[in-house]
Amino acid sequence: MTCELCNSSNESVLWGNPLCRIILVDDKDYPGFCRVILNQHVKEMTDLPVSTRNELMEIIFAVEAAIRQVLNPDKINLASLGNVVPHLHWHIIPRFRHDRHFPNPVWGSPQREAVIPPNTGLAEKLRTAVQQHLAL
Ligand SMILES: [Zn+2]
């Protein structure tokens, strides 16, 4: 069985290392939605050695901090589901009270049409902020 996260292409990668990669998700309703994807095909966090899972969380928190710095969202949603693709990946989603699904999860029922303020160079801003936070 092929795994779409093991065999991915057309990803907008902001940063990567041997452990994982950070991608910017192409979702018109959620600019700044990032995903941290483990490079190895592993199902659960507790399948990883403690030091590795801690390293992964540090990277996830750096992405969260970068998104907060660049977008100043009302809330961050952190989610790891993997029911459809059982390959460890974390969603880091900036949420705004006026976004399409708030206060529901982004996978829930839409509440309204979102009005997205323009944010030119967002990918570059996030890349720079992620690198700053990873260096701390
Ligand atoms: Zn995989």
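The preceding data block contains the structure.
The model shown is predicted, which means the values in this text are computed figures rather than measured ones.

**So, the overall build of the chain**
Counting secondary structure elements, the chain contains 2 helices and 5 strands. When the helices and strands of the chain are placed in sequence order, the string is β-β-β-α-β-β-α. A globule of 136 residues ought to have a C-alpha radius of gyration of about 14 Å, and the chain, at 15 Å, matches this closely. Once the C-alpha set of the chain is aligned to its principal axes, its extents read approximately 40 × 35 × 25 Å. Taking the contacts inside the chain whose residues are at least 6 apart along the sequence as the reference set, 53% of them involve residues at least 24 apart.

**Considering the nonpolar core**
Grouped together as the largest cluster of nonpolar side chains are 22 residues, with contacts concentrated most on Val36, Val63, Ala66, Ile67, Ile92, Leu126 and Val130. Taken together, the elements giving at least two residues each to this core come down to strand S2 (20-24), strand S3 (34-38), helix H1 (50-71), strand S5 (89-95) and helix H2 (122-135). Top element by residues in this core is H1. It accounts for 7 residues. The residues touching Val36, leaving out its near neighbours within four places in the chain, are Cys20, Ile22, Ile59, Ile60, Val63, His89, Trp90 and Ile92.

**What to know about the sheet that holds S5**
Across the sheet, which stays open at both edges, the 5 strands sit in the order S1-S2-S3-S5-S4 with antiparallel pairing between neighbours. Strands with a single pairing partner mark the edges of an open sheet, and in this sheet they are strand S1 (12-16) and strand S4 (75-79). Between one strand and the next, the sheet's axes are offset by a mean angle of 20°, whatever the strand orientation. Here S1 pairs with S2 via 4 bridges, running antiparallel. Note on S2: the bridge partner recorded for Gly16 is Arg21. Where H1 meets the sheet, it contacts S2, S3, S4 and S5, and its direction lies at approximately 20° from that of S5. Here H2 sits on the sheet and contacts S1 and S2; the angle it forms with S1, its principal contact strand, is near 15°.

**Considerations on the environment of Cys34**
Counting through the fold element by element, Cys34 comes out in strand S3. Taking the C-alpha atoms as reference points, Cys34 and Gly121, 87 residues apart in sequence, are found 15 Å from one another. When near neighbours in sequence (up to four residues on either side) are disregarded, Cys34 contacts Ile22, Ile23, Leu24, Val25, Val63, Ile67 and Ile92.

**What about the pairing of S5?**
Extensive coverage of S5 is indicated by the burial of 5 of its 7 residues. Pairing geometry for S3 and S5, over 4 bridges, is antiparallel. Each bridged residue has a counterpart across the sheet, and for Cys34 the counterpart in S5 is Ile92.

**A few points about H1**
Under the 1.5 Å per step criterion, the end-to-end length of H1 is 31 Å for 22 residues, consistent within 8% with the ideal 32 Å. Among all positions in H1, only Ile59, Ala62, Val63, Glu64, Ala66, Ile67, Val70 and Leu71 are buried. The inward-facing, buried residues of H1 contact S2, S3, S4, S5 and H2. Positive backbone phi, at 45°, marks Asn72, one or two positions downstream of H1.

Cut-offs and rules
Residues numbered from 1 in each chain as written. Predicted model: local features only at pLDDT ≥ 70, side-chain atom pairs only at ≥ 80, totals over all residues. Helix = DSSP H or I, 4+ residues; strand = E, 2+ residues; numbered from the N terminus. Rg over C-alpha atoms; globule rule 2.2 N^0.38 Å. Contact = placed C-beta atoms within 7 Å. Core = buried A, V, L, I, M, F, W, Y, C linked by C-beta atoms within 7 Å. Buried ≥ 20, exposed ≤ 12 C-beta atoms within 10 Å, placed from the backbone. Pairing = 2+ DSSP bridges. Axes fitted to C-alpha atoms, helices over the stretch in contact; angles between N-to-C directions. Expected span 1.5 Å × (residues − 1).

Geometric values such as these leave the question of function open.
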